[in-house]
Amino acid sequence: MNIASVIVDVPAKQTDRAFDYKIPGHLAGVIQPGMRVIVPFGPRKIQGFVTGLKTESEFSQLKSIAEPMDLNPVLNQELLSLGDWLTEKTLCYKISAYQAMLPAALKAKYEKKLVLAEKADRVALPEKVQTLFENTEAITWDEAVKDGTLSLLQKEATNGNIDIIYQVKERVKKKKVKQVFPAADRNGLAEYIEKLPANATKQKEVLEYFLQDDSPIEQKELFSFLRITSSTIKGLIQKGLLGQKEVEIYRNPFGDREFKRTEPLPLTEEQRKAIIPILNSIEEKRHGTFLLYGVTGSGKTEVYLQSIQRVLQDGKEAIVLVPEISLTPQMVNRFKGRFGDQVAVMHSGLSAGEKYDEWRKIQRKEVKVVVGARSAIFAPFENLGIVIIDEEHETSYKQEENPRYHARDVAIERAGKYKCPVVLGSATPSLESFARAHKGVYQLLSLPKRMNNQSLPSVEIIDMREELREGNRSMFSRVLLDKIKDRLEKKEQIVLFLNKRGHSSFVMCRDCGYVINCPHCDISLTYHRFNQQMKCHYCGYEASVPNTCPECESEHIRYFGTGTQKVEEELAKVLPEAKVIRMDVDTTSRKGSHEKLLDQFQEGHADILLGTQMIAKGLDFPNITLVGVLSADTMLHLPDFRSSEKTFQLLTQVSGRAGRHELEGEVIIQTYTPEHYSVELSGEQDYDKFYEREMMVRKIHRYPPFYYISLVTVSHEELMKSVSVTEKITQYIQSRLSAESIVLGPVASPIPRINNRYRYQCLIKYKREPELGRALKKVLDNYQHEIAAGGLAISVDLNPYILM
Ligand SMILES: Nc1ncnc2c1ncn2[C@@H]1O[C@H](COP(=O)(O)OP(=O)(O)OP(=O)(O)O)[C@@H](O)[C@H]1O
Ligand SMILES: [Zn+2]
Ligand SMILES: [Zn+2]
């Protein structure tokens, strides 16, 4: 086995296959499949993944592996083959598939360096170059750029005097701390104390400390404990009385927080009925997908916890996926509280280093449970016993960049290999999943009632147009305001929800209606209050608000739309006595602030929790008795066939925050389109009715779950180019598919221009097209050169969740 197959870090068609490399003698037996290695590729050295070992190659002149990057494989055999599956299902390159499975810290970073070529004659080089290389063989690219000698160096590179090399670097280092320990025995320490002059009190203290406790201590800790500095121990180290060493530690994102241990609750009759089929599937080692459809507050989480407990009994492992936005401290507590140190947590709030450490705990089998967002589905477990996906309807489980995978599909694929169950949980399942459960593809488990038979909160829908007609121009309806006042008196808590998605603050002229758009993208600029700038969310363009309208020169140009800050100001005006906690991207960007705000709210330091999407889910606070939704319909008008579904789901989730414990809950939903069925039915909290209604719409318009869809988006700086390419693609795809399928295109994307690139798309609706994947791959291959040259971009999504 002296030859390794390696997938190299060059995402392109020509390199999307394994290359053979010789394993040099000194690395024989060291190199294993799943390891990252550094290999020569063309003129540079790059990273690669070993996918297999063999004894023969069809090629004769093989280059050798330069060095391994890992001591142990970072991908196990199962993940390596999952990479093949991912490549086929999402049409991505193998290298992208493997990289998606690893924490960011393990993705290669390349440092460009300039080195003197062997044949170079130092003294013959231009003086400037000589000085650069005076004391060194290599300088970094950045240094060269800063020095302004780049063109000179370029000339020397052409002459062959300078080589450019790429050095692979790890992004994140293991965290190390310095420890101090006694290097002499007790007698030695004691003797030295005797010999110390009387004024060396500090040194004496240090030695006495180690006489009491001879275990190594973190240097920083020792210093602060004894109030000393490094000068105190320096002499002691030199004399061989103390030693210093570096040890690796895990970064701990949870600090010293204690997690209160919880015991399994006796299950209710309904929970028992729901959990039995899951437990059976675990015991019988049989793969199956369950849809746990349970209203908000019905105790789904307890079902998850006890299923995991069963899995751990068998010595197996569990993956729990939670949407990023609801990966709240409260959620983490529930898992850490039950399973303690056996739990690793992975979410975007962690630094790259912290994520890396959590990942290593999984890899080293130090934990058995991972709770995380989408990418945690790739946790490198090797004895998986269950995968749980909470809030399975959330669209954040779909990755919107290569590889464009859906975590649900990956979960089912992995669980199939390990012969274990997948549990999808939701109060408002996605239409696709519910339809599959109806067909018997998934097994449906229901929790139709709340805990303790607590009723769902009562919901009242307020027509804001009516409010306006009756002279109320504020953002709060009279009913909502009255109810808030009532709760303030009763000392009960209120959640106010502002749906930010789909609408934002924009700048408009009140006289002529002119809206300020991004000059590079066909989309309005978003107004940011904190720096009073307008910003494009697609390309980053920024500008300040003009004093007069560029169109009619009116001075009545101002921003519209409601941000959380504006709501907060408004609240302060009408209810100055109310204490408000605002939660949005601005107030939660600092690490730990999310948690702090929620803790404050839970401890009763505020009456009102005001926020965006991030407060819609997962909160389980007993004192919340009123939920107000300020604008229910902002999402309804997005050009997306799922907008009704998303609106219904969100309204149901938010409403579910009220009255979860003893106190009864009430919900007020303000809307400008009360007649829309997704608003109306979220008022009745009737998912089943909504499902029927929405299925009819999907059937008529031939959308999922009746049809599958795929989307090709083409963009180019020239309008005509993107139209013509899209046109060709549309025709080609059409020619490859059956008459039953519908190929729509070329049409302009809902956002027709981003960053000065014109965007056109082709939408494919189909029922069964085994050829489609191959045809789309062919399209990508065909345009590979133009794409690589940078002018043309084509993205193919076999299961798009964002159609813009
Ligand atoms: N068997 C049980 N006995 C007593 N209390 C329970 C039991 N199961 C769950 N609970 C409690 O009921 C409350 C609601 O349960 P939980 O939060 O698990 O519901 P959920 O279905 O996950 O809700 P949501 O989908 O709204 O987040 C929690 O406070 C939980 O501790
Ligand atoms: Zn104007
Ligand atoms: Zn822009």
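Definitions and cut-offs
For every chain, the first residue of the written sequence is number 1, and numbering continues from 1 onward in sequence order. Starting at A for chains and at 1 for ligands, labels are handed out in the order in which the entities are written. Reporting in this predicted model follows two pLDDT cut-offs: at least 70 for local features of residues, and 80 or more for side-chain atom pairs to be given and counted; totals over whole chains, interfaces and linings ignore these cut-offs and use all residues. With hydrogens and water stripped out, all remaining heavy atoms of the structure feed into the side-chain values. UniProt positions are given in the numbering used here, feature names are shortened, and annotations may be inferred rather than shown by experiment. Where helices and strands are cited, they refer to DSSP runs of H or I of at least four residues and of E of at least two residues respectively, numbered from the N terminus. In what follows, a contact means two residues having at least one pair of non-hydrogen atoms within 4.5 Å. Accessibility here uses a 1.4 Å probe with only protein chains present; expressed as a share of the type maximum, an area under 20% marks a residue as buried, one over 50% as exposed, and anything in between as partly exposed. Being near a molecule or strand, for a residue, comes down to having at least one heavy atom within 4 Å of it. For the purposes of these results, a polar contact is taken to be a pair of N or O atoms within 3.5 Å, where, inside protein, one atom must be able to donate a hydrogen and its partner to accept one; residues adjacent in sequence count only when each atom of the pair is a side-chain atom. Only the protein chains shown count as covering a residue, and every accessible area follows the Shrake-Rupley method with a 1.4 Å probe. Ten residues, namely Ala, Val, Leu, Ile, Met, Phe, Trp, Tyr, Cys and Pro, are considered nonpolar, four, namely Asp, Glu, Lys and Arg, are considered charged, and the remaining ones, Gly among them, are considered polar. Think of it as the arc spanned by the lines of direction from the helix axis to the C-beta atoms. Pairing of aromatic side chains requires ring centres within 6.5 Å, counting the rings of Phe and Tyr and the six-membered ring of Trp. Pairs whose planes differ by under 30 degrees are stacked, by over 60 edge-to-face, and all others tilted. A ring is scored as having a charge over it whenever the NZ atom of a lysine or the CZ atom of an arginine sits within 6 Å of its centre and within 35 degrees of its normal. Should DSSP find at least two bridges between two strands, the strands are regarded as paired. Every axis in this analysis is a line fitted to C-alpha atoms, fitted for helices over the stretch in contact. Angles between the N-to-C directions lie between 0 and 180 degrees. The rule for a salt bridge is simple: a side-chain nitrogen of Lys or Arg has to be within 4 Å of a carboxyl oxygen of Asp or Glu. What pLDDT conveys is the predictor's confidence in a given residue, as a value from 0 to 100. Small angles under 35 degrees read as roughly parallel and large ones over 145 as roughly antiparallel, with 65 to 115 read as roughly perpendicular and the rest as oblique. If you view the pair so one helix is near and one far, a crossing is left-handed when the near helix is turned anticlockwise from the far one by less than a right angle, and right-handed when it is turned clockwise.

- The name given to the protein in an unreviewed UniProt entry is Replication restart protein PriA, with the source organism recorded as Cytobacillus oceanisediminis.
- In its Sequence similarities (unreviewed entry) section, UniProt records this for the protein: "Belongs to the helicase family. PriA subfamily."
- In its Subunit (unreviewed entry) section, UniProt records this for the protein: "Component of the replication restart primosome."

## Details of the UniProt feature "binding site: Zn(2+) 1" (unreviewed entry) in the protein
Piece 1. Here the UniProt feature "binding site: Zn(2+) 1" (unreviewed entry) sits at Cys-509, Cys-512, Cys-549 and Cys-552. In summary, the annotated positions, though distributed over 44 residues, converge in three dimensions, the widest C-alpha pair being only 8.6 Å.
Piece 2. On the secondary structure map, Cys-512 appears in the loop between strand S21 (506-509) and strand S22 (526-528).
Piece 3. In this structure Cys-512 touches Cys-549, Glu-551 and Cys-552, once residues within four positions along its chain are discounted.
Piece 4. Turning to its location among the elements, Cys-552 is positioned in the loop between strand S24 (542-544) and strand S25 (557-560).
Piece 5. Given a relative accessible area of 35%, Cys-552 falls into the partly exposed group.
Piece 6. Leave out the neighbours within four places in its chain, and Cys-552 touches Cys-509, Asp-511 and Cys-512.

## Remarks on the site of ligand 1
Piece 1. What surrounds ligand 1 is a group of 19 residues, the closest being Gln-271, Lys-300, Thr-301, Asp-620 and Arg-660.
Piece 2. The separation between a nitrogen atom of ligand 1 and a polar side-chain atom of Gln-271 is 2.8 Å.
Piece 3. Relative to its unbound accessible surface of 640 Å², ligand 1 loses 84% to contact with the protein.
Piece 4. Looking at the shell around ligand 1, the element that brings in the most residues is helix H11 (residues 300-313), giving 3 residues.
Piece 5. Of the residues in the shell around ligand 1, the class split is 5 nonpolar, 8 polar and 6 charged.

## A closer look at unusual backbone geometry
Piece 1. Residue Pro-403 follows Asn-402 across a cis peptide bond; omega there is -10 degrees.
Piece 2. Secondary-structure assignment places Pro-403 in the loop between strand S16 (384-389) and helix H14 (407-418).
Piece 3. Of note, the bond from Gly-745 into Pro-746 is cis; its omega dihedral lies within 30 degrees of zero at -10 degrees.
Piece 4. Take Pro-746: it is sitting in strand S31 (residues 742-754).
Piece 5. Phi at Arg-227 takes a positive value of approximately 55 degrees, unusual for a residue other than glycine.
Piece 6. Topologically, Arg-227 is positioned in the loop between helix H8 (219-226) and helix H9 (230-238).
Piece 7. Residue class for Arg-227 comes out exposed when judged on its relative accessible area of 70%.
Piece 8. The backbone of Lys-365 sits at a positive phi, close to 60 degrees, despite the residue not being glycine.

## Section: helix H18 (residues 564-574)
Piece 1. Three or more residues of H18 are buried, namely Thr-564, Val-567, Glu-570 and Leu-571. For H18, the arc enclosing every buried residue in end-on projection is 120 degrees, short of the 170-degree limit, so these residues lie on one face.
Piece 2. On its buried side, H18 packs onto strand S20 (493-497), strand S26 (580-583) and strand S27 (608-611).

## Examining the packing of aromatic side chains
Piece 1. A complete count under the given rule lists 16 aromatic pairs for this structure.
Piece 2. On the basis of an interplanar angle of 80 degrees and a centroid distance of 4.8 Å, the ring pair of Phe-434 and Tyr-691 is categorised as edge-to-face. Here Phe-434 is found in helix H15 (residues 431-439), whereas its partner Tyr-691 is found in helix H22 (residues 687-700), with 257 residues between them in sequence.
Piece 3. On the accessibility criterion, Phe-434 (2% relative accessible area) is buried.
Piece 4. Measuring from ring centre to ring centre gives 4.3 Å for Phe-648 and Phe-690, while their planes differ by 5 degrees; the resulting arrangement is stacked. With Phe-648 in helix H20 (residues 643-655) and Phe-690 in helix H22, the pair connects residues that are 42 residues apart, well separated along the chain. One exposure class covers both Phe-648 and Phe-690, and it is buried.
Piece 5. Grouped by ring-pair contacts, the aromatic residues Tyr-293, Phe-434, Phe-648, Tyr-677, Tyr-687, Phe-690 and Tyr-691 constitute a single cluster.
Piece 6. Directly above the ring of Phe-181 sits Lys-245, whose terminal nitrogen or CZ lies 5.3 Å from the centroid.
Piece 7. In this arrangement the basic side chain of Lys-767 is found over the ring face of Tyr-707, its NZ or CZ atom lying 4.7 Å from the centre.

## Thoughts on the sheet that holds strand S30 (residues 708-716)
Piece 1. One open sheet holds the 4 strands; their spatial order is S31-S32-S30-S33, and the pairing between them is antiparallel. The sheet terminates laterally at S31 and strand S33 (793-797), the two strands that pair on one side only. For this sheet the average axis-to-axis angle between neighbouring strands, irrespective of direction, equals 20 degrees.
Piece 2. Sheet topology places S30 next to strand S32 (residues 757-766); 9 bridges connect them, and they run antiparallel.

## Comments concerning the pairing of strand S9 (residues 176-182)
Piece 1. When S9 meets strand S11 (residues 242-248), the two strands line up antiparallel, connected through 7 bridges. Opposite Lys-176, over in S11, you have Glu-248 as the bridge partner.
Piece 2. As judged from the 2 bridges shared by S9 and strand S10 (residues 217-218), these two strands associate in the antiparallel manner. Counted as the bridge partner of Gln-179 is Glu-218 from S10.

## So, the pattern of salt bridges
Piece 1. Enumeration over the complete set of coordinates arrives at 36 salt bridges.
Piece 2. Glu-432 serves as the salt-bridge partner of Arg-642, at 2.8 Å between the closest nitrogen and oxygen. Of this pair, Arg-642 sits in the loop between strand S28 (624-629) and H20 while Glu-432 sits in helix H15, and the two are 210 residues apart along the sequence.
Piece 3. The exposure class of Arg-642 is buried, given its relative accessible area of 2%.
Piece 4. Salt bridges sharing common partners tie together Lys-483, Asp-486, Arg-487, Lys-490 and Glu-666.

## Re the confidence of the model for the protein
Piece 1. The share of residues in the protein with pLDDT of 70 or more is 96%, and the mean pLDDT across the chain is 88.
Piece 2. Scored as a whole, the predicted complex attains pTM 0.82, and scored at its interfaces, ipTM 0.95.

## Re the environment of Leu-265
Piece 1. Residue placement: Leu-265 occurs in the loop between S11 and helix H10 (269-283).
Piece 2. Taking C-alpha positions, Leu-265 is 9.8 Å from Val-303, a pair spaced 38 residues apart along the chain.
Piece 3. The residues touching Leu-265, leaving out its near neighbours within four places in the chain, are Glu-302, Gln-306 and Arg-338.

## A look at the sheet that holds strand S1 (residues 3-8)
Piece 1. One open sheet holds the 5 strands; their spatial order is S2-S1-S4-S3-S5, and the pairing between them is antiparallel. What marks the edges here is a single partner per strand, and that holds for strand S2 (19-22) and strand S5 (67-68).

## Concerning the packing of helix H23 (residues 719-736) against helix H24 (residues 772-782)
Piece 1. Between H23 and H24, whose axes approach to 10 Å, the crossing angle comes to 150 degrees. Judged by the inter-axis angle, H23 sits roughly antiparallel to H24. Crossing of H23 against H24: the hand is right-handed. Residue-level inspection shows Ile-729, Tyr-732, Ile-733 and Arg-736 of H23 in contact with H24, the latter providing Leu-772, Arg-774, Ala-775, Leu-776, Lys-778 and Val-779.

## What about the packing of helix H7 (residues 201-212) against H8?
Piece 1. H8 packs onto H7 with a crossing angle of 120 degrees between their chain directions and a minimal axis gap of 11 Å. Considering their axes alone, H7 and H8 lie oblique with respect to each other. Along this stretch, H7 crosses H8, giving a crossing that reads as right-handed. For the pair formed by H7 and H8, the contact residues are Lys-202, Glu-205, Val-206, Tyr-209 and Phe-210 on the first element and Leu-222, Phe-225 and Leu-226 on the second.

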